[in-house]
Number of protein chains: 2
Amino acid sequence: MNHSMTLEEIAKLSGVSRSTVSRVINDDPKVRQETRQRVLQIIQQVNYQPNALARSLAGGRTRVLSLVIPEGVTRLFSDPYFPILIQGVSMACNAHDYSVMLWLADPDYERRTISRIVQDKLSDGTIIASMLNDDPLVEALLEDGSPFILIGRNPTHENISYVDVDNQGSTRLAIAHLLRLGYRRIATITGPQNMIAGLDRLEGYKQAFRQWDLPIDPDLIVEGDFSEDSGYTTMQRLIPRRPDAVFAASDYMAIGALRAMRENGLRVPHDIAIIGFDDVPMAARIDPPLTTVRQPIQKTGAIAAEVLIDLIEFPKTGPRRVILPTELVIRGSCGTAIRTPNELDRTDQPDLRTTNFVTDS
Amino acid sequence: MNHSMTLEEIAKLSGVSRSTVSRVINDDPKVRQETRQRVLQIIQQVNYQPNALARSLAGGRTRVLSLVIPEGVTRLFSDPYFPILIQGVSMACNAHDYSVMLWLADPDYERRTISRIVQDKLSDGTIIASMLNDDPLVEALLEDGSPFILIGRNPTHENISYVDVDNQGSTRLAIAHLLRLGYRRIATITGPQNMIAGLDRLEGYKQAFRQWDLPIDPDLIVEGDFSEDSGYTTMQRLIPRRPDAVFAASDYMAIGALRAMRENGLRVPHDIAIIGFDDVPMAARIDPPLTTVRQPIQKTGAIAAEVLIDLIEFPKTGPRRVILPTELVIRGSCGTAIRTPNELDRTDQPDLRTTNFVTDS
DNA sequence: CTGAAAGCGCTTACAG
DNA sequence: CTGAAAGCGCTTACAG
């Protein structure tokens, strides 16, 4: 167990006061070059690293961000969504010399957990990736007044900072794509309806039908939880209802649905088409390659961290809302042929600046 | 921005000294019941939460663990290994009132990153899940003298604490299973050869052949990096060499290999058998279901955290080494029929207490 | 059982 | 440009 150096010792070694050493460490310009050099050399020499705890306590800032992710959510394992998100957060934090504290918390937190996250004062701010509506943590953070940001907008508090994608618009576009190809019995496997992403994607699905003056068949709407497993299970229920296409609110649900289709002898896209959401790496690799709405997951995490850091360093600036662009990636899983070309060729231009089409190379 | 309560204020409100409040908070037995109650009530009433920073600085312990995972490793995204591991760590930490600081660090750390992890003093100990041999972080931690534990043994420092599975033994058993079924041209897609798990699984593969007095064909050994993609790519190279079975050192490499097999018109297990490693959820779901070596990933993370916490709280106790049991899970991907029953039925009993056979329900 | 005091290792006005 | 001093919010011997 090495004895850790302190400011005091560096001061002694370099023949200055500890105030001066502190100033050198903090790049305070009003230190004589000569002095600075001497101190820096000593620091280098003994490989001194200031104690982050003491620094934070005295300075009032920890340079730590809390990242809260719902524990137990199957998506954590079935799907690289959260890993990629975490990496985005981590990279942005590294770039700004922040560290990240990870909380995999049960969504119905015990009161104690919330207190720990909120009042610990171990982090300067919080990123909530749980996206649950009416998350009690949000209320607690609001009350505490410490900076935080959500991944995914919060419908009950529109004045909270968040970063999100246009889930409604992107989904509308995906459904429109299927409609344009002639599909009519388009089912959807939704995300959890207690998460805004799940709600918004379902809403986008409905909007597309309304835009086209087509009826919505409630029998073709089933609720999943973003996991591969739920995609499989819900697809099994959907098959007897004979959809000709499916929009799954996540790629892994689409992968699960494909598994169910295969087991039931359905050929994709010949017998049934499918579109996913996310564009995780696996989407391009399955058979057939999955048409999907690509969202910038890593960037979402990075932007969340950056906006939060900004919020911490400039507290006056009001809540920030960031909407990141998505794009529809066309691959093999929804076919390309127009099935019933009659009267379908309406040029509905979606009002969606953030969404683009791309064709996968 | 709420004003945060301090010990001092609680003391004033409850008419005692701040020493007493501190004792109440820390469950010091030598406080009169009556006093304790009064203080606790005030604490409850104003929802006071002690400042963790100050507590740590004064107490010398932060109750924070650092978890270091190699960034950029494709496995982080292609595979739930790290997410499940993280969850294990997180759950154990929650249970012991520890928090976890996550470091997704480039494996060839900048010197600065190492310093931050090691000397920050923001955490009481470190879990290294990078498993890279000759990790500079290990040297730094060793020098610093602060407690840490590895996921995966370290061949150069056998006296470091770690938790691992018997990779050699498990693999030997998996290969023996294939040999017993009559396969002879058994290829392997190894893990990265700069990680001990990759090395040990390859070593187990070789050991099995030696045990059976069979030659090892270097053409049937290709190196992957645990990712689905590398499984696909290396399998493409392997196919012309006509293996009749493949042992992939991770399930996702097996999944990638299956993709290559399918594209080349090979039927599994009719034309070629395959065994994976990990038993991630997807293993049971692909077509055909994957025979694999199940390792307790979440438990590995949990045990690592628990042993580390123990090491922190009882520093004298020497290095701990934990080997967790694995089991061979037999599913459809390697077939069941003995192909060439002649002379194969040797009853080699592997010397492996930690490995069991199970058949998936 | 309780309090006054020193101390954890820093930062940051305040003087000079 | 530099130092002495107060302070961040706790813990923990030391007295009593």
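How each quantity is defined
Residues numbered from 1 in each chain as written. Chains lettered and ligands numbered in written order. Predicted model: local features only at pLDDT ≥ 70, side-chain atom pairs only at ≥ 80, totals over all residues. Heavy atoms only, no water. Helix = DSSP H or I, 4+ residues; strand = E, 2+ residues; numbered from the N terminus. Buried < 20%, exposed > 50% of the residue type's maximum accessible area, 1.4 Å probe, protein only. Polar contact = N/O pair within 3.5 Å; in protein donor to acceptor, adjacent residues only side chain to side chain. Contact = heavy atoms within 4.5 Å. Buried area = accessible area lost by both parts, 1.4 Å probe. Salt bridge = Lys/Arg side-chain N within 4 Å of Asp/Glu carboxyl O. Core = buried A, V, L, I, M, F, W, Y, C linked by side-chain atoms within 4.5 Å. Domains from an automatic or database assignment. Pairing = 2+ DSSP bridges. Axes fitted to C-alpha atoms, helices over the stretch in contact; angles between N-to-C directions. Near = heavy atom within 4 Å. Nonpolar A, V, L, I, M, F, W, Y, C, P; charged D, E, K, R; others polar. Least-squares fit on C-alpha atoms with pLDDT ≥ 70 in both. Arc of directions from axis to C-beta.

1. A look at the side chain of Asp244 of chain B
Residue and element names in this part refer to chain B. On the secondary structure map, Asp244 appears in the loop between helix H11 (228-238) and strand E8 (245-248). Exposure remark for Asp244: the relative accessible area of 14% places this residue in the buried category. Reaching out from Asp244, the side chain makes a polar contact with the backbone nitrogen of Arg184 at a distance of 3.0 Å.

2. Thoughts on the interface of chain B and chain A
The figure often quoted for interface size is the accessible area lost as the parts come together. The partner chain A presents 56 residues to the 56 residues of chain B that form the contact. Summing both partners gives a buried area of about 5,200 Å² for chain B against chain A, and 54% of it is carried by carbon and sulfur. The three residues of chain B that bury the most area against chain A are Leu53, Phe77 and Arg285 of chain B, which together make up 14% of that side's buried surface. Notably, a salt bridge pairs Arg285 of chain A with Asp229 of chain B, separated by 3.5 Å at the nearest N-O pair. For the pair chain B and chain A, the interface holds six residue pairs in polar contact (both at pLDDT 80 or more). When residues of the side of chain B that touches chain A are traced back to their parent elements, those giving at least two are helix H4 (52-59), helix H5 (75-78), helix H6 (81-95), strand E2 (99-105), helix H7 (111-119), helix H8 (136-144), H11 and helix H12 (251-263) of chain B. Top element by residues in the side of chain B that touches chain A is H6 of chain B. It accounts for seven residues.

3. Some words on the side chain of Thr234 of chain B
Looking at where Thr234 of chain B falls in the secondary structure, it is placed in helix H11. Setting aside residues up to four positions removed in sequence, Thr234 of chain B forms contacts with Ile189, Val222, Glu223 and Gly224 of chain B.

4. A look at the nonpolar core
Membership of the largest hydrophobic core comes to 106 residues, with the highest contact counts inside it found for Met235 of chain A together with Met235 of chain B. If near-sequence neighbours (up to four positions away) are discounted, Met235 of chain B is found in contact with Ile189, Pro243, Val246, Ala257, Ala260, Met261 and Ile272 of chain B. Core analysis: the next-biggest nonpolar cluster, separate from the first, contains 69 residues, Ala304, Ile309 and Ile312 of chain A together with Cys93 of chain B among them.

5. A closer look at the domain arrangement of chain A
Domain boundaries assigned for chain A yield domain 1 (1-38), domain 2 (64-165 + 298-324) and domain 3 (167-296 + 326-359). Each of domain 1 of chain A and domain 2 of chain A has a C-alpha centre, and the two are 36 Å apart.

6. Notes on the sheet that holds strand E3 (residues 125-128) of chain A
Pairing within the open sheet is mixed, and its 12 strands lie in the order E11(A)-E5(A)-E4(A)-E3(A)-E1(A)-E2(A)-E2(B)-E1(B)-E3(B)-E4(B)-E5(B)-E11(B). Two strands in the sheet have a free side with no partner beyond their single neighbour: strand E11 (321-324) of chain A together with strand E11 (321-324) of chain B. The sheet shows a mean angle of 20° between the axes of neighbouring strands, direction not considered. Across three bridges, E3 of chain A lies against strand E4 (residues 148-151) of chain A in parallel orientation. Counted as the bridge partner of Thr126 of chain A is Phe148 of chain A from E4 of chain A.

7. Observations regarding the protein's contact with DNA strand D
Around DNA strand D, a shell composed of 27 residues is seen, among which Ser19, Arg23 and Thr35 of chain A together with Leu7 and Ser22 of chain B lie nearest. What you see for DNA strand D is that sugar and phosphate hold 58% of its atoms within 4 Å of the protein. For DNA strand D, a phosphate oxygen lies 3.0 Å from a polar atom in the backbone of Arg32 of chain A. Mapped onto the surface near DNA strand D, the elements with two or more residues apiece are helix H2 (18-25) and helix H4 (52-59) of chain A together with helix H2 (18-25) and H4 of chain B. By residue class, the composition of the surface near DNA strand D is 10 nonpolar, 10 polar and seven charged.

8. Concerning the relation of the copies chain B and chain A
Note on the identical chains: chain B maps onto chain A by a rotation of 180° and an axial translation of 0.0 Å, with an RMSD of 0.0 Å. The transformation relating the two chain copies, once decomposed into turn and shift, fits a two-fold axis. Within chain B, the C-alpha atom positioned nearest to the axis of rotation is that of Met101 of chain B, 2.1 Å from it. A symmetric contact is evident, with 100% of the interface residues of chain B recurring at the interface of chain A.

9. What about H4 of chain A?
All names here are of chain A. Buried within H4 are the following residues: Ala52, Leu53 and Ser56. Taken down its axis, H4 places every buried residue within 100° of arc, on the same side. Opposite the buried face of H4, at more than 90 degrees from it, the exposed residues are Ala58 and Gly59. One or two positions beyond H4, positive phi appears at Gly60, with a value near 80°.

10. Looking at the pairing of strand E2 (residues 99-105) of chain A
Residue and element names in this part refer to chain A. Where burial is concerned, most of E2 is hidden: seven out of the seven residues are buried. By the alternation rule, side chains of E2 split into Ser99, Met101, Trp103 and Ala105 and Val100, Leu102 and Leu104, which are all buried. The sheet contact formed by strand E1 (residues 64-70) and E2 spans seven bridges and is parallel. The partner of Leu67 across the bridge, within E2, is Leu102.

11. Observations concerning H2 of chain A
Residue and element names in this part refer to chain A. All of the buried residues along H2 are Thr20, Val21 and Val24. Down the axis of H2, the buried set is contained in an arc of 100°. They therefore lie on one face. As for H2, its buried residues are in contact with helix H1 (7-14) and helix H3 (33-46). Asp27 occupies a position one or two residues after H2 and carries a positive phi of about 55°.

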